[in-house]
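Survey of secondary and tertiary structure
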Amino acid sequence: MKNQTKSRLSRRNFLLAVGAGGAATAAAIATQAINPATAQPATNNDKRRGRGYQETAHVRSYYNTAKV
Amino acid sequence: MARMKFLCDAERCIECNGCVTACKQENEVPWGVNRRRVVTINDGIVGAEKSISVACMHCSDAPCMAVCPVDCFYRTDEGVVLHDKDLCIGCGYCFYACPFGAPQFPQAGAFGLRGKMDKCTFCAGGPEKDLSKEEFAKYGSNRLAQGKLPACAEMCSTKALLGGDGDVIADIYRERVLKRGKGSEVWGWGTAYGKPDQKAAPAGAKS
């Protein structure tokens, strides 16, 4: 009888330990998942801004060759 | 602000496919994906054969943007239609909507599984940081940020394919049309209005 009680308790301890470990792992995964999201290089407004077109000497030279 | 546009002069295009090659080389486009193609009509018929180079036309009211279920498309201030591959689900709706067949889908696995959509970016990269490795890997070269224009237009040997500020290339094209000494030869003009030389009104016809 005494043995039975002891084994039940140890099983509970084991399940508790597994539960705590699982929660810790989930927290670690969640933190990792959040980090890339915060490291996103562009917001929606950034995306929609111009891509940097300028009438550089290179571009003017292209327009001149197209006029031939 | 300048509005980016492509314009292909059908009178000058010699179907060399130089633009297609330039695009593939510049952007390291994967096998099975062609961001640009040369389309020829009346192939082999002397005098009637015309070719144009086609890619994404960066429409002002883009149908791909309208149908995308995850809203992954966006238009920049310069009128370039781009998309976010992190959001794209590869459903293919944009391919059905596009009248030019611009959206392309790389094979992502066996059984015809589709990957993320890929299309012409006007050599303007994507939403990632300008000129970053990630941007190049997903979208190809960002020549606009380098102060250049799309590789296809710059490499065109006959300068049939014009790309850049819409106002400037429209002026260049207008000059060409005037210099040729004929009526309008915009692609599709003959289909819509008949050939200019056949349209001459008969003598004595009342207006």
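Residues numbered from 1 in each chain as written. Chains lettered and ligands numbered in written order. Predicted model: local features only at pLDDT ≥ 70, side-chain atom pairs only at ≥ 80, totals over all residues. Heavy atoms only, no water.

Quick notes on the overall build of chain A
Basically, it comes down to this: By the criteria applied, helices consist of DSSP H or I runs no shorter than four residues and strands consist of E runs no shorter than two, each listed in order from the N terminus. Classification of residues uses two cut-offs on accessible area relative to the type maximum, computed with a 1.4 Å probe and protein chains only: under 20% is buried, over 50% is exposed, and between them is partly exposed. Each accessible area is a Shrake-Rupley result for a 1.4 Å probe, and residues are judged covered by the shown protein chains and nothing else.
From N to C terminus, chain A includes three helices and zero strands. Along chain A, helices and strands appear, N-terminal first, in the series α-α-α. Taking all 68 residues of chain A together, 13% fall into the buried category. Element-wise, carbon and sulfur atoms account for 60% of the exposed surface of chain A, whose accessible area totals about 5,400 Å².

As for the overall build of chain B
For clarity, the cut-off: In this analysis, two residues are considered to be in contact whenever any of their non-hydrogen atoms come within 4.5 Å of each other.
A count of helices and strands for chain B gives seven helices and six strands. Sequence-ordered secondary structure for chain B, helices as α and strands as β, is β-α-β-β-α-β-β-α-α-α-β-α-α. Per-residue burial for chain B yields a buried fraction of 45% across its 207 residues. In chain B, the share of contacts with a sequence separation of at least 24, taken over all contacts with a separation of at least 6, comes to 51%.

A look at the confidence of the model for chain B
The criterion, for reference: A residue's pLDDT is the confidence the predictor assigns to it, expressed on a 0 to 100 scale.
When pLDDT is averaged along chain B, the result is 87, and 86% of the positions lie at 70 or above. Predicted complex, confidence summary: ipTM 0.81, pTM 0.73.

A short note on the state of the cysteines
Residue and element names in this part refer to chain B. Filter applied, for reference: Pairs of cysteine sulfur atoms within 2.5 Å are identified as disulfides in what follows.
Under the counting rule described, the total for this entry stands at zero disulfides over all chains. Here Cys-64 is not cross-linked by a disulfide; its sulfur's nearest cysteine counterpart is in Cys-56, at 6.2 Å. The exposure class of Cys-64 is buried, given its relative accessible area of 10%. Left unpaired, Cys-120 is separated from the closest cysteine sulfur, that of Cys-56, by 5.4 Å.

Quick word on helix H1 (residues 18-27) of chain B
Residues and elements named next belong to chain B. To keep things clear, this is the line we draw: This arc is taken over the directions from the axis of the helix to the C-beta atoms.
Listed as buried for H1 are Cys-19, Val-20, Ala-22, Cys-23, Glu-26 and Asn-27. Viewed along the axis of H1, the buried residues span an arc of 165 degrees, placing them on a single side of the element. The outward face of H1, more than 90 degrees from its buried face, is lined by the exposed residues Thr-21 and Gln-25. Along its buried surface, H1 packs onto strand E2 (37-41), strand E3 (50-54), helix H4 (133-139), helix H5 (151-155) and strand E6 (161-165). Of the residues one or two after H1, Glu-28 is the one with positive phi, at around 50 degrees.

Considering helix H3 (residues 57-66) of chain A
Of the positions making up H3(A), those classed as buried are A:Val59, A:Tyr62, A:Tyr63 and A:Ala66. Considered in projection along H3(A), the buried side chains sweep an arc of 100 degrees and stay on one side of the axis.

Observations regarding the nonpolar core
Applied cut-off: In these notes, a set of buried Ala, Val, Leu, Ile, Met, Phe, Trp, Tyr and Cys residues joined through side-chain atoms within 4.5 Å is what counts as a nonpolar core.
A:Tyr53, A:Tyr63, B:Met4, B:Leu144, B:Leu149, B:Leu161 and B:Leu162 are the most contacted members of the largest nonpolar core, which has 39 residues in total. Sorting the residues of this core by element identifies H3 of chain A together with strand E1 (4-8), H1, E3, H5, E6 and helix H6 (166-180) of chain B as the ones contributing at least two each. Looking at this core, the element that brings in the most residues is H6(B), giving five residues. Setting aside residues no more than four positions away along its own chain, B:Leu144 makes contact with A:Arg51, A:Gly52, A:Tyr53, B:Met4, B:Glu78, B:Phe122, B:Cys123, B:Ala124, B:Leu149 and B:Pro150. Within the second largest apolar cluster, 10 residues are counted, among which are B:Ala62, B:Cys68, B:Phe73 and B:Cys88.

A short note on the interface of chain B and chain A
Operational definition: Once two parts are joined, some of their accessible surface, as seen by a 1.4 Å probe, is lost; buried area is that loss totalled over both. Salt bridges are identified by distance alone: a Lys or Arg side-chain nitrogen within 4 Å of an Asp or Glu carboxyl oxygen. Polar contacts, as used here, are pairs of N or O atoms within 3.5 Å; protein pairs need one atom able to donate a hydrogen and one able to accept it. Residues neighboring in sequence count only if both atoms are side-chain atoms. We call Asp, Glu, Lys and Arg charged. Ala, Val, Leu, Ile, Met, Phe, Trp, Tyr, Cys and Pro are nonpolar, and the rest, Gly among them, are polar.
Taken together, the 40 residues of chain B in the interface contact 19 residues of chain A. Between chain B and chain A, the buried area comes to about 2,200 Å², and carbon and sulfur atoms account for 56% of it. Applying the counting rule to chain B against chain A returns zero salt bridges. Along the contact surface separating chain B from chain A lie eight residue pairs in polar contact (both at pLDDT 80 or more). For the side of chain B that touches chain A, the leading source of residues is E6(B), giving five residues. Classifying every residue of the side of chain B that touches chain A gives 17 nonpolar, seven polar and 16 charged.

Re the confidence of the model for chain A
Note that predicted coordinates carrying low pLDDT should not be read in detail. Residue-level pLDDT values for chain A average 69, and 43% of them are 70 or greater. Taken element by element, chain A is modelled with least confidence in helix H1 (residues 2-38) of chain A, mean pLDDT 61, and with most confidence in H3(A), mean pLDDT 95.

Observations concerning a nonpolar patch on the surface
Residues and elements named next belong to chain B. This is how the line gets drawn: Note that patches include only residues with greater than 30% relative accessible area and no salt bridge, and the join distances are 9 Å for like charges and 5 Å for nonpolar side chains (Val, Leu, Ile, Met, Phe, Trp, Tyr).
On the surface, Val-67, Tyr-93, Phe-95 and Tyr-96 cluster together to form a nonpolar patch covering roughly 450 Å² of accessible area. Here the nonpolar patch gets three residues from one element, more than from any other, and that element is helix H3 (residues 93-97). By the element assignment, Tyr-93 lies in helix H3. On the basis of relative accessibility, which here comes to 48%, the residue Tyr-93 falls in the partly exposed class.

Here we look at the side chain of B:Ser141
Residues and elements named next belong to chain B. Note on placement: Ser-141 falls in the loop between H4 and H5. In this structure Ser-141 comes out as buried when scored by relative accessible area, which is 7%. Only 2.8 Å separates the side chain of Ser-141 from the side chain of Glu-26, close enough to count as a polar contact.

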